[in-house]
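The primary structure of each chain is shown beneath.
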Amino acid sequence: MIRKKRKVKKIRGSRTCGGGSHKKRRGAGNKGGRGMAGGLKHKWTWIIKNCPDYFGKYGFKRHPKLVKELETINVGDLEEMILKNPEMFEKEGDKFVVDVVELGYEKVLGKGRITIPMIVKAVEVSEKARMKIEEVGGEVVEL
């Protein structure tokens, strides 16, 4: 038979709302524990359905000694430095010689525009930076 109203509407009027004795719905024991309690036991099917990646480890963590964090500078910033004080840099012909290690950096990244040909000496240079430097007529020297 089809109901016109939901059963809850009728039940709300009673003291226990269909839960039997008023003592039976007390505490977290009725719910099977608080929060994620029972996640590996009686709430396991809920975990599998709703949070399948909750348990277990994923990925890896490298030892801090193995992680190298290089001080970086962008190609655009190098050009800006040259334009602001060109007397700070040596010249070989028409190219400025920029020793990035002397400036306190180790790696050159490719953000920014570059118009001045330069010889860049660095520990590491990204592909994009190398492409931009060589496009203008510069060179890259890895130390």
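Along each chain, the written sequence defines residue order, and numbers are assigned to residues from 1. Local features in this predicted model are restricted to residues of pLDDT 70 or higher, and side-chain atom pairs are both shown and tallied only at a pLDDT of 80 or more, whereas totals for entire chains, interfaces and linings draw on every residue. Hydrogens are left out, water is left out, and the side-chain values use all remaining heavy atoms of the structure.

S.K.: Would you explain the pattern of salt bridges in this entry?
M.R.: When the charged atoms of two side chains lie near each other, side chains of opposite charge can form a pair. The salt bridge definition used is simple: a Lys or Arg side-chain nitrogen within 4 Å of an Asp or Glu carboxyl oxygen. According to the stated counting rule, one finds five salt bridges in the structure shown. Across the salt bridge formed by Glu139 and Lys95, the nearest N and O atoms sit 3.2 Å from each other. Here Lys95 lies in strand S3 (residues 95-99) and Glu139 lies in strand S7 (residues 139-142), a separation of 44 residues in the sequence. Across the pair Lys107 and Glu124 runs a salt bridge, and its minimum N-O distance is 3.7 Å. Note that Lys107 is positioned in strand S4 (residues 107-109) and Glu124 in strand S6 (residues 124-125), a separation of 17 residues in sequence. For every residue, the accessible area obtained with a 1.4 Å probe (protein chains only) is divided by the maximum for its type, and the residue is called buried under 20%, exposed over 50%, and partly exposed between those limits. Judged by its relative accessible area of 22%, Glu124 is partly exposed. Within this structure, Lys68, Lys107 and Glu124 form a network of salt bridges that share partners. Only DSSP runs of H or I reaching four residues or more are called helices, and only runs of E reaching two or more are called strands; each is numbered from the N terminus.

S.K.: I would appreciate a short explanation of the nonpolar core in the present structure.
M.R.: Nonpolar cores are built from buried Ala, Val, Leu, Ile, Met, Phe, Trp, Tyr and Cys residues. Side-chain atoms within 4.5 Å join them into one set. Counting 18 residues, the largest nonpolar core has Leu78, Ile82, Val98, Val100, Val108, Met118 and Val120 as its most contacted members. Elements that contribute at least two residues to this core include exactly helix H3 (75-84), S3, strand S5 (118-122) and helix H4 (127-136). Residues are treated as being in contact if the distance between any of their heavy atoms lies within 4.5 Å. With residues up to four places along the chain from it excluded, the contact list for Met118 reads Leu78, Glu79, Ile82, Lys95, Phe96, Val98, Ile133, Gly138 and Glu139.

S.K.: What is the right way to look at the packing of aromatic side chains in this model?
M.R.: For any pair of aromatic rings, the description rests on two quantities: the centre-to-centre distance and the angle between the ring planes. Only Phe, Tyr and Trp rings take part, Trp by its six-membered ring, and two of them pair if their centres are within 6.5 Å. Stacked means planes under 30 degrees apart, edge-to-face means over 60, and tilted covers everything else. Within this structure, the stated rule accounts for two aromatic pairs. Relative to Phe55, the ring of Tyr54 lies with its centre 4.9 Å away and its plane at 90°, an arrangement referred to as edge-to-face. A relative accessible area of 46% means that Tyr54 is categorised as partly exposed. Residue Phe55 is classed as partly exposed on the basis of its relative accessible area of 32%. Through a chain of ring-to-ring contacts, the aromatic side chains of Trp44, Tyr54 and Phe55 assemble into a single cluster. The positively charged end of Lys91 is found above the aromatic ring belonging to Phe96, 4.9 Å away from the centroid. To sit over a ring, a charge needs its Lys NZ or Arg CZ within 6 Å of the ring centre and within 35 degrees of the ring normal.

S.K.: Sorry, what's going on with the layout of surface pockets here?
M.R.: Picture a little ball the size of a water molecule; that probe, rolled over the atoms, points out where space is still empty. A pocket, in this scheme, is an open set of points on a 1 Å grid over the protein atoms alone with protein on both sides within 12 Å along at least 5 of 7 lines, while a cavity is a set where a 1.4 Å probe fits but cannot get out; residues line either one if an atom lies within 4 Å of a point. Grid points are joined across faces, edges and corners, and a volume is the space filled by probe spheres set on the points. Counted as a void, the largest pocket has a volume near 180 Å³. Every residue lining the largest pocket is listed: Met88, Phe89, Glu90, Val97, Val98, Asp99, Glu102, Leu103 and Lys121. Looking at the lining of the largest pocket element by element, the count peaks at three residues for S3. Think of it as three bins: nonpolar holds Ala, Val, Leu, Ile, Met, Phe, Trp, Tyr, Cys and Pro, charged holds Asp, Glu, Lys and Arg, and polar takes everything else, Gly as well. Here the lining of the largest pocket is composed, by residue class, of five nonpolar, no polar and four charged.

S.K.: Where do I start with a positive patch on the surface in this structure?
M.R.: Patch construction takes residues with relative accessible area above 30% that form no salt bridge. Like charges are linked within 9 Å, and nonpolar side chains (Val, Leu, Ile, Met, Phe, Trp, Tyr) are linked within 5 Å. Surface accessibility in these figures is a Shrake-Rupley result with a 1.4 Å probe; residues are shielded only by whichever protein chains are displayed. Think of it this way: Lys and Arg go in the positive column, Asp and Glu in the negative one, and His and the chain ends go nowhere. By convention, the point assigned to a charge is CZ for Arg, NZ for Lys, CD for Glu and CG for Asp. There is a patch of like positive charges on the surface, built from Lys5, Arg6, Lys9 and Arg12. By the secondary structure assignment, Lys9 is in helix H1 (residues 7-11).

S.K.: Would you take a moment to explain the sheet that holds strand S2 (residues 90-92) for this structure?
M.R.: What holds strands together in a sheet is hydrogen bonding between their backbones, with the strands either parallel or antiparallel. Whether two strands pair depends on DSSP finding at least two bridges between them. Spatially, four strands are ordered S2-S3-S5-S7 in an open sheet, and the strand pairing comes out mixed. Whereas interior strands pair on both sides, the edge strands pair on one side only; in this sheet they are S2 and S7. For this sheet, the mean angle separating the axes of adjacent strands, direction not counted, is 25°. Bridge analysis of S3 against S5 gives four bridges, and the strand direction is parallel. Looking at the pairing, Phe96 lines up with Met118 of S5. Only the stretch in contact is used when a helix axis is fitted, and all axes are lines through C-alpha atoms; the angle between N-to-C directions ranges over 0 to 180 degrees. Along the sheet face, H3 touches S3 and S5 and points at about 120° away from the line of S5.

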